[in-house]
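# Inside the fold
Chain residues, written in single-letter form:
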Amino acid sequence: YSFEHNPQWQYKWSGQEQILDYQKHVVDKHRLRDYIRFGQEVSSATYDERAGRWRVTTRQGDAFDCQHFISAVGQLHRPRFPDFPGRGSFKGVCFHSAKWNHEVDLAGRRVAVIGNAASALQFIPQIADRVKSLVVYQRSANWVLPKQDRPYKPWEQRLSDKFPFIAKLYRFKIWLRGDGLYYQLMRGNSLLGRLQSWLSLKNMRRYIKDPVLQQALTPDYPIGAKRVLFSDDYYQALARDNVELETTAIKQITATGITTVDEHSENYDAIIFGTGFKSNPFLASMDIRGSGGQLLSEHWRQGAYAYLGMTTHGFPNLFMLYGPNTNLGHSSIILMIEAQTDYIVRCITRMDSEAWASIEVRDAPEQDFNNKLQARLGRMAFSAVEASWYMDAGRITNNWAGSTLEYALRLRKVNWQCFDKVSV
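Below or above, wherever it landed, is the structure these notes cover.

Reading the values: rules and limits
Residues numbered from 1 in each chain as written. Predicted model: local features only at pLDDT ≥ 70, side-chain atom pairs only at ≥ 80, totals over all residues. Heavy atoms only, no water. Helix = DSSP H or I, 4+ residues; strand = E, 2+ residues; numbered from the N terminus. Buried < 20%, exposed > 50% of the residue type's maximum accessible area, 1.4 Å probe, protein only. Contact = heavy atoms within 4.5 Å. Areas by Shrake-Rupley, 256 points an atom, 1.4 Å probe, with all protein chains shown as cover. Lys, Arg positive; Asp, Glu negative; His and termini not counted. Charge placed at Lys NZ, Arg CZ, Asp CG, Glu CD. Pairing = 2+ DSSP bridges. Axes fitted to C-alpha atoms, helices over the stretch in contact; angles between N-to-C directions. Polar contact = N/O pair within 3.5 Å; in protein donor to acceptor, adjacent residues only side chain to side chain. Arc of directions from axis to C-beta. Phe/Tyr/Trp six-rings, centres within 6.5 Å; stacked < 30°, edge-to-face > 60°. Parallel < 35°, antiparallel > 145°, perpendicular 65-115°, else oblique.

### So, the overall build of the chain
- From N to C terminus, the chain includes 11 helices and 20 strands.
- When burial is assessed residue by residue, the chain has 44% of its 424 residues classed as buried.
- Excluding contacts between residues fewer than 6 apart, the proportion of contacts in the chain whose partners are at least 24 apart in sequence is 69%.
- When the accessible surface of the chain is totalled, it reaches about 22600 Å², and 51% of it is carbon and sulfur.
- Computed over 53 positive and 43 negative side-chain charges, the inter-centroid distance for the chain is 5 Å.

Put into structure tokens, the structure is as follows:
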């Protein structure tokens, strides 16, 4: 977080354990633990117009009454399983990478990995040298750039601890690379696209010498159209003698393994799904009802949208962090969430000072915002493919069209003319 310096990061790309420790540190330092209810999954939220309150219930049977309902569940948290025939018939070990089965020892086993994008790219190198054999089932190739990860040296940690402003300068450098370089890539800059494509292919061919495998790992879409991935060890793992890439589509999963559409079957001891997450429809796991009992899922039946990605007409006092059209393909989502959090706090503070029971974004400003946003998104690199997790109902529902700086500047002030207010 921008407000919580940590000189103890061990790597440029920190691992899960250290990130979790950092989050626990932030919670304890700011005395937030007493305000957190763990093990509570929200099942429904209903707005009471007469009271101007939300009634939130959980699957654990608890209920909460609140003036403001803020969804901060993110976009990538519901594991996605492709609907292959026979998926439930497999007799071996089977799990999704987001729900890793730590009780299973994969050493010496025949393993299949379905998927080869962001999730699979992270864990395949970690298991490739332990398993007997590994087959990666690839639907489409990805653009992969070097991650350039490394451990921080002790003197770097000491310098960061003594002079925190140096860490801010480093953070600024990372931001410049994202908003300056990769954002232009998302905008479809052809020269930059050719350069980054060349770098990606050069990196791949450095480790993959087989021309057939090189061809299979070369994407058939412009770089930036789908999520650009970063890794220092993925191609090295695919080059191992015990690792094979399979590009033929899967026909079905059997009791003993996987059969492809060309009727070729392989037996496995374990199948790991690295197939990502269900990003659409938004907030699908919750039954949310706004004014007049309107279902949010019905409101978004043609694809999710929201004013500034945070609030939508017909649902007073409902705010969203990392909501529709606030995902990024070029920079850190933390920048977006911090800007959203400040904006929501300003809204709530003003409501308290003005004694407003509720605020609701008007329909016209929300539609105007989203029409202009979709027009801009149509010119971005990720509009070049017809199907991706960025899209729903033919619209790009996940991604932001601008830079993080543009978004933060738009959120610095609340345009109250875009909201209807109801006094207490």
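### With respect to the sheet that holds strand β15 (residues 287-289)
- One open sheet accounts for 4 strands, arranged β3-β2-β1-β15; its pairing is mixed. The sheet terminates laterally at β3 (63-66) and β15, the two strands that pair on one side only. If you compare each strand with its neighbour and ignore which way they point, the axes differ by 15° on average.

### Regarding the side chain of Asn317
- Mapped onto the elements, Asn317 comes out in the loop between α8 (296-299) and β16 (318-320).
- You can call Asn317 buried: its relative accessible area is 1%.
- For Asn317, the side chain forms a polar contact with the main-chain oxygen of Gln67, separated by 3.0 Å.
- Engagement of the side chain of Asn317 in a polar contact is seen with the backbone oxygen of Ala357, the distance being 3.0 Å.

### Looking at helix α3 (residues 154-162)
- Regarding α3, the residues found buried are Glu156, Gln157 and Ser160. Taken down its axis, α3 places every buried residue within 100° of arc, on the same side. The outward face of α3, more than 90 degrees from its buried face, is lined by the exposed residues Pro154, Arg158 and Lys162.
- Tucked into the core, α3 has its buried residues touching α4 (164-186).

### Some points on the packing of aromatic side chains
- All told, the structure shown has 22 aromatic pairs when counted by the stated rule.
- Ring centres 5.8 Å apart and planes at 85° place the aromatic pair Tyr182 and Phe230 in the edge-to-face group. Of this pair, Tyr182 sits in helix α4 while Phe230 sits in strand β9 (residues 229-230), and the two are 48 residues apart along the sequence.
- In this structure Tyr182 comes out as buried when scored by relative accessible area, which is 14%.

### So, the packing of α4 against helix α5 (residues 190-207)
- α5 packs onto α4 with a crossing angle of 100° between their chain directions and a minimal axis gap of 8 Å. Viewed along their axes, α4 and α5 adopt a mutual orientation that is roughly perpendicular. Two secondary-structure elements touch here, α4 through Leu181, Tyr182, Gln184 and Leu185 and α5 through Leu192, Gly193 and Gln196.

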